[in-house]
Amino acid sequence: MVAHKIAVIAGDGIGKEVVPEGIRVLEAAGRRFGIELSFDEKDWGCERLAAKGRMLPEDGLETIAGHDAIFLGAVGWPSVPDHVSLWGLLIPIRRRFDQYVNLRPVRLFEGVPCPLAGRKPGDIDFWIVRENCEGEYSEIGGRLYAGTEQEMVTQESVFTRFGVDRVLRYAFELAASRDAKHLTSATKSNGIIHTMPFWDERVKAMAERYPGVKIDQYHIDILTAHFVRFPDRFDVVVGSNLFGDILSDLGPAVTGTIGIAPSANLNPEGTHPSMFEPVHGSAPDIAGQGIANPIGQIWSGAMMLDHLGHKEAAAAIVGAIERVLASGRSLTRDMGGSASTVELGKAIESEL
Ligand code: ATP
Ligand code: MG
């Protein structure tokens, strides 16, 4: 048996409802494929912030630095400003553990209603690679002359050659490993005249090392339009922290429901733990009702097993999700059914 120690942060809202379903399916996969998983549960999140003044203990990150992975539900609550919960937990984890790739699959499944007319399962199947540690999400900047007519605010982006090259290398490697071998880069070098031309330059330099990969690039504005009009044209899409963030919410939206979309915050070298979480947030509007779709969490668990080297187990979970969706049984409300979170989790467990 291979043993893996997983830090579990269920977090807030529906995070607490979908994480147990993720664990249910991981344990089933563990039994079937002989993978030993131990779960170290943390109470980090907005409730802890209210009770103890911090979302996580001061030495919190050090207590999980030696773990094999982090399995996260959702963090955020209406009583806490979004930037407080983001900078209080998620961004510190991504940066401390150098999770510089954010990877999200975009796939249309049979059984999930697609908002785009005429698209069939198989038409939409691509990956988004987002830079996750630098770029537009920076602390550099500030406000001058606050509250006066002269008020002025700046926010600087940071793009390093090191940071850009390493995420591009990951994206090129991923594209090279796929049948289509096609990489699309998101840019905006017509309006953003320092960082984006640099990004384009690094894409061009990296492309020389991957002659087998076909490259194109689009400005982010037209690229978002193409996501909606021609989602079948993409294979791997790479973008900066901001552009990747926007694209990776749009991607799941064109394939039906945000409730099924997973993501991985990767430290590809494995020097530090990587983190796996659904794309959706804590969904305060449906929290506590037991109706959240657990598939985003369960699929994130599959990505975690894949990252830990258990390709077969990961593929088996995705296969079970696929078959349950196609059967039309046990679907949650966001997919037009009436099943509960637990019923859908159990259906995937037994299919596995
Ligand atoms: P964040 O700020 O953390 O990105 P958000 O506030 O933008 O999150 P979500 O919490 O993801 O957004 O909720 C957006 C909408 O999608 C809500 O109406 C919510 O109920 C719905 N939703 C999100 N996740 C799920 C899910 N797993 N199952 C069903 N509906 C969901
Ligand atoms: Mg929110």
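Residues numbered from 1 in each chain as written. Chains lettered and ligands numbered in written order. Predicted model: local features only at pLDDT ≥ 70, side-chain atom pairs only at ≥ 80, totals over all residues.

An unreviewed UniProt entry annotates the protein chain as D-malate dehydrogenase [decarboxylating] of Marinimicrococcus flavescens. Taken verbatim from the UniProt record of the protein chain, the Sequence similarities (unreviewed entry) comment is "Belongs to the isocitrate and isopropylmalate dehydrogenases family." (UniProt positions renumbered as here; feature names shortened; annotations may be inferred.)

Novice: Honestly, the overall build of the protein chain in this entry has me stumped. Any pointers?
Specialist: Scanning the protein chain for helices and strands turns up eleven helices and twelve strands. Scaling as 2.2 N^0.38, a compact globule of 352 residues should have a C-alpha radius of gyration of about 20 Å, and the protein chain matches this with 20 Å. When contacts within the protein chain are restricted to residue pairs at least 6 apart in sequence, those whose partners lie at least 24 apart make up 76%. (Helix = DSSP H or I, 4+ residues; strand = E, 2+ residues; numbered from the N terminus. Rg over C-alpha atoms; globule rule 2.2 N^0.38 Å. Contact = placed C-beta atoms within 7 Å.)

Novice: Even after reading the chapter, I still don't get the UniProt feature "domain: Isopropylmalate dehydrogenase-like" (unreviewed entry) in the protein chain, so can you show me in this structure?
Specialist: This chain's UniProt record puts "domain: Isopropylmalate dehydrogenase-like" (unreviewed entry) on residues 5-348. Note that residues 5-348 is 40% helix and 20% strand, and that its end C-alpha atoms are spaced 23 Å apart.

Novice: Honestly, unusual backbone geometry in this entry has me stumped. Any pointers?
Specialist: The phi torsion of most residues other than glycine is negative, and most of the peptide bonds are trans. The phi torsion at D98 lies on the positive side, around 50°, for a residue other than glycine. Its location among the elements puts D98 in the loop between α4 (82-96) and β4 (101-107). Non-glycine residue A283 carries a positive phi angle of around 45°. A residue is classified by how many C-beta atoms lie within 10 Å of it, and A283, with 22 of them, is buried. (Buried ≥ 20, exposed ≤ 12 C-beta atoms within 10 Å, placed from the backbone.)

Novice: What exactly am I supposed to notice about the packing of helix α7 (residues 220-229) against helix α8 (residues 241-254) here?
Specialist: A pair of packed helices is captured by two measures, namely the crossing angle of their axes and the spacing between those axes. Contact pair α7 / α8: the axes reach a minimum separation of 10 Å and the direction vectors enclose 15°. Between α7 and α8, the crossing angle belongs to the class labelled roughly parallel. Considering how the two elements wind past one another, α7 and α8 form a crossing that is right-handed. Residue-level inspection shows I220, T224, F227 and V228 of α7 in contact with α8, the latter providing F243, I246, L247, L250, G251 and V254. Here the contact of α7 with α8 is built from residues that sort into eight nonpolar, two polar and no charged. (Axes fitted to C-alpha atoms, helices over the stretch in contact; angles between N-to-C directions. Parallel < 35°, antiparallel > 145°, perpendicular 65-115°, else oblique. Left-handed = near helix turned anticlockwise from the far one by under 90°. Nonpolar A, V, L, I, M, F, W, Y, C, P; charged D, E, K, R; others polar.)

Novice: Before we go on, may I ask you to explain helix α6 (residues 195-207) in this structure?
Specialist: For α6, spanning 13 residues, the distance from its first C-alpha to its last is 18 Å, which sits close to the expected 18 Å at 1.5 Å a residue. For α6, the set of buried residues is M196, W199, V203 and M206. Looking straight down α6, one finds its buried side chains confined to an arc of 80°; they lie on one side. Here the buried face of α6 lies against α5 (161-176), β8 (182-187) and β9 (214-219). (Expected span 1.5 Å × (residues − 1). Arc of directions from axis to C-beta.)

Novice: How should the nonpolar core be read in this particular structure?
Specialist: One recurring pattern in soluble globular proteins is that nonpolar side chains are buried together. Residues A29, V129 and I317 are the most contacted members of the largest nonpolar core, which totals 98 residues. The element contributing the most residues to this core is helix α10 (residues 311-327), with eight residues. A domain-level breakdown of this core finds at least three residues from each of domain 1 (1-101 + 263-352) and domain 2 (125-254). The residues contacting V129, other than those within four sequence positions of it, are V101, L103, V167, Y170, A171, L174, V236, V237 and V238. (Core = buried A, V, L, I, M, F, W, Y, C linked by C-beta atoms within 7 Å. Domains from an automatic or database assignment.)

Novice: Would you explain the environment of L86 in this entry?
Specialist: Considering the arrangement of structural elements, one finds L86 in helix α4. The spatial distance from the C-alpha of L86 to the C-alpha of S274 is 17 Å, given a sequence separation of 188 residues.

Novice: Explain the packing of helix α9 (residues 295-307) against α10 here, please?
Specialist: Two elements in contact, α9 and α10, have axes whose closest approach is 7 Å; the angle formed by their N-to-C orientations is 160°. On the basis of their axis angle, the class for α9 and α10 is roughly antiparallel. In this structure, α9 crosses over α10, and the sense of that crossing is left-handed. Between α9 and α10, the residues in contact are I295, I298, W299, G301, A302, M303, L305 and D306 and K311, A313, A314, I317, V318 and I321, respectively.

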